[in-house]
Amino acid sequence: MGPASAAARFREAFPQADSFQVTLYGSLAKTGRGHLTDVAVKDALAPYNTCVVFHTEAAELRHPNTMDLEAFRGGERLGGWRVYSVGGGKIEIEGQPSTAPQDVYSLSTFSQIRAYCEERDLRLWQFVEESEGPEIWNYLMDVWKQMKAAVYAGLHTEGVLRGGLSVQRKAKYLIRQRHIDESAETRENRIVCAYAFAVSEENAGGGVIVTAPTCGASGVVPAVMVYKQEQQGFSDTEMVRGLAAAGIIGNLIKTNASISGAECGCQAEIGSACSMAAAGLAELFGMDLDQIEYAAEVAMEHHLGLTCDPIGGLVQIPCIERNAVAAMRAINALSLANFLTHTRKISFDMVVKTMYETGRDLFSKYRETSEGGLAKMYAE
């Protein structure tokens, strides 16, 4: 998403161009084909001729997801950008000010937000509305509708995912495997996992999903939220309030650490998604701020050190199953928060800082390069 967005903006900046060259570096180069980065970039620059170069050799980079875009007319170079894809579809252009709003949230840690909300007797969703304005609910309702649409699309699609691994879509199979005397616990596990598979398979198949916080981790939040609405009968208004709380958590992680697998490993993607889902559920069930924080903290803490080693550079193995496991962990975190909140020693802010330091310490081949772990073993 980030490279496609960058390419679209670059095309607008050079309307006179008749051809383009895009050079991918670092993790973008090493997993670009598996992530369909070259396809996305060419689509964004169509119908003009575009050459995509995969520069896989080691280089000193400010961010592991780096790309250069160059515009040409009649063979003459018109100009270029260096762009960083920093996660969740967000990009930064070297030498240009960020276009993202910087003052939507004046508070940048959970401890600050919690103190503010406690002083004014606000729930997290009310803090979001106060910060974003009431128009945020129309946006989140669109997000919620698309999350549900991705779940249902994935549940009704069969076949083999493209990419060469011959991975079969499993969501439809999972949702239909109800046993006549299936326990409630087994049913929950099966359905939540089926929903997570559904969205993750839609992502791997090039479908429309919501980055929550990224494409590779997009199945976690929808899986638990859709399941709980169906199970408990929550209204759509209640659901988007839960999404607002989940968004706060994702924003804090992105602000104080990273949601990029290339920068911090899968803990930054699946760990963040699990943390968002747990917080969203806790808000949905009316838990207090301390319990919401604990749910988010537990969910992240037990993903610390999780590597990103996609086989063949594809967002398929272990990514799809990992979404299902993280969805169940989010529900587990909710239960723990309900029982044990007041005994905890670790804050959410502390675990986010820890995740960031852990991710930066991970050897580069375990950060979305497909050069280590499962990717290496499978290739051998």
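How each quantity is defined
- Residues numbered from 1 in each chain as written.
- Predicted model: local features only at pLDDT ≥ 70, side-chain atom pairs only at ≥ 80, totals over all residues.
- Heavy atoms only, no water.
- Helix = DSSP H or I, 4+ residues; strand = E, 2+ residues; numbered from the N terminus.
- Rg over C-alpha atoms; globule rule 2.2 N^0.38 Å.
- Buried < 20%, exposed > 50% of the residue type's maximum accessible area, 1.4 Å probe, protein only.
- Areas by Shrake-Rupley, 256 points an atom, 1.4 Å probe, with all protein chains shown as cover.
- Lys, Arg positive; Asp, Glu negative; His and termini not counted.
- Charge placed at Lys NZ, Arg CZ, Asp CG, Glu CD.
- Salt bridge = Lys/Arg side-chain N within 4 Å of Asp/Glu carboxyl O.

Let us now look at the overall build of the protein chain. A tally of helices and strands in the protein chain yields 16 helices and five strands. For the protein chain, the C-alpha radius of gyration of 21 Å lies close to 21 Å, the compact-globule estimate for 380 residues. Overall, the C-alpha framework of the protein chain stretches about 65 × 50 × 40 Å when taken along its three principal axes. In the protein chain, which comprises 380 residues, the proportion classed as buried is 53%. Approximately 17100 Å² of the protein chain is accessible, and the part contributed by carbon and sulfur atoms is 49%. With 35 positive and 46 negative side-chain charges, the protein chain shows a spacing of 4 Å between the two charge centroids.

Okay, unusual backbone geometry next. Cis geometry is found at the peptide bond from A46 to P47, where omega equals 10°. With respect to the helices and strands, P47 occurs in the loop between α3 (37-45) and β2 (49-55). A cis geometry characterises the amide bond from I317 onward to P318, with omega recorded as 5°. One non-glycine residue, D121, lies in the positive phi region at around 55°. The residue D121 is located in the loop between α4 (110-120) and α5 (124-132) in this model. By relative accessible area, D121 is classed as exposed at 69%. Positive phi, close to 55°, is recorded for E368, a residue that is not glycine. Tracing the chain through its elements places E368 in the loop between α15 (348-361) and α16 (373-379). Taking the relative accessible area as the measure of exposure, E368 reaches 10% and is therefore buried.

This brings us to the pattern of salt bridges. Counting across every chain of the model gives 17 salt bridges. The salt bridge involving D236 is made with K148; its shortest N-O contact spans 3.3 Å. With D236 in helix α10 (residues 236-256) and K148 in helix α6 (residues 136-155), this residue pair connects regions lying 88 residues apart in the sequence. The class of K148 is buried, set by a relative accessible area of 16%. Several salt bridges converge on common partners, so that one network encompasses R114, D290, E293 and R344.

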